[in-house]
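Each chain, written out:
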Amino acid sequence: MKTTTVIIGLVALCGALIAYSWKIEPGLLQTKTVEITAPSINKNCTIAFMADLHIPLVNGLEDKILAALRRNKPDIILIGGDFSANRTEASYAIAKLKL
């Protein structure tokens, strides 16, 4: 009986993690502000860093990204990780995110 309960619990946990990773997490937009001081730089500079966008698989997150970029008006935009889901979508993704 205990073994069956543990197995059912593990299957439910795995299902919940899979659902989160496919349905919830891709639609989250996390922003974080970090202030860095460097004696050799005497000008304020705003940098936006985005990673693992997987466009167009972000389910409409592009509009939230654009709104955050327009609101924060970064001087530099850095993109790390997977920008588009595949090479054929890269030009679409670049055009979609043009400011």
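Everything below is about the structure printed above this text.
Cut-offs applied
- Residues numbered from 1 in each chain as written.
- Predicted model: local features only at pLDDT ≥ 70, side-chain atom pairs only at ≥ 80, totals over all residues.
- Heavy atoms only, no water.
- Helix = DSSP H or I, 4+ residues; strand = E, 2+ residues; numbered from the N terminus.
- Expected span 1.5 Å × (residues − 1).
- Buried < 20%, exposed > 50% of the residue type's maximum accessible area, 1.4 Å probe, protein only.
- Arc of directions from axis to C-beta.
- Core = buried A, V, L, I, M, F, W, Y, C linked by side-chain atoms within 4.5 Å.
- Contact = heavy atoms within 4.5 Å.
- 1 Å grid on protein atoms, 1.4 Å probe; cavity = no way out; pocket = protein on both sides within 12 Å on 5 of 7 lines; lining within 4 Å.
- Points joined across faces, edges and corners; volume = space filled by probe spheres on them.
- Nonpolar A, V, L, I, M, F, W, Y, C, P; charged D, E, K, R; others polar.

Student: Teacher, can you tell me more about helix α2 (residues 61-72) here?
Tutor: Between its terminal C-alpha atoms α2 stretches 17 Å, which fits the 16 Å expected from 12 residues at 1.5 Å a residue. Along α2, the residues that are buried comprise L61, E62, I65, L66, A68 and L69. Taken end-on, α2 shows its buried residues confined to a sector of 165°, consistent with a single buried face. Pointing more than 90 degrees away from the buried face of α2 are the exposed residues D63 and R71. Downstream of α2 by one or two residues, K73 has phi in the positive range, about 45°.

Student: So what exactly am I meant to see when it comes to the nonpolar core here?
Tutor: Note that soluble globular proteins tend to have their nonpolar side chains buried in a common cluster. Counting six residues, the largest nonpolar core consists of A48, M50, L53, L61, I65 and L69. Of all elements in the fold, only β1 (47-51) and α2 reach the threshold of two or more residues within this core. If you tally residues by element for this core, the top one is α2, at three residues. In contact with M50, not counting residues within four places along its chain, are I65, L69, I77, L78, I79 and G80.

Student: So what exactly am I meant to see when it comes to the layout of surface pockets here?
Tutor: Rolled over the atoms, a probe with the dimensions of a water molecule shows which regions are left empty. One number sums up the size of the largest pocket: a volume of about 1400 Å³. Ranked by residues supplied to the lining of the largest pocket, first place goes to α2 with six residues. Residue composition of the lining of the largest pocket, grouped by class: 20 nonpolar, seven polar and six charged.

Student: What is the right way to read the environment of T46 from this model?
Tutor: Examined against the element boundaries, T46 turns out to sit in the loop between α1 (2-24) and β1. Exposure remark for T46: the relative accessible area of 35% places this residue in the partly exposed category. With near-sequence residues (within four places) excluded, T46 lies in contact with N72, K73, P74, D75 and I76.

By themselves, these figures tell us nothing about what the structure is for.
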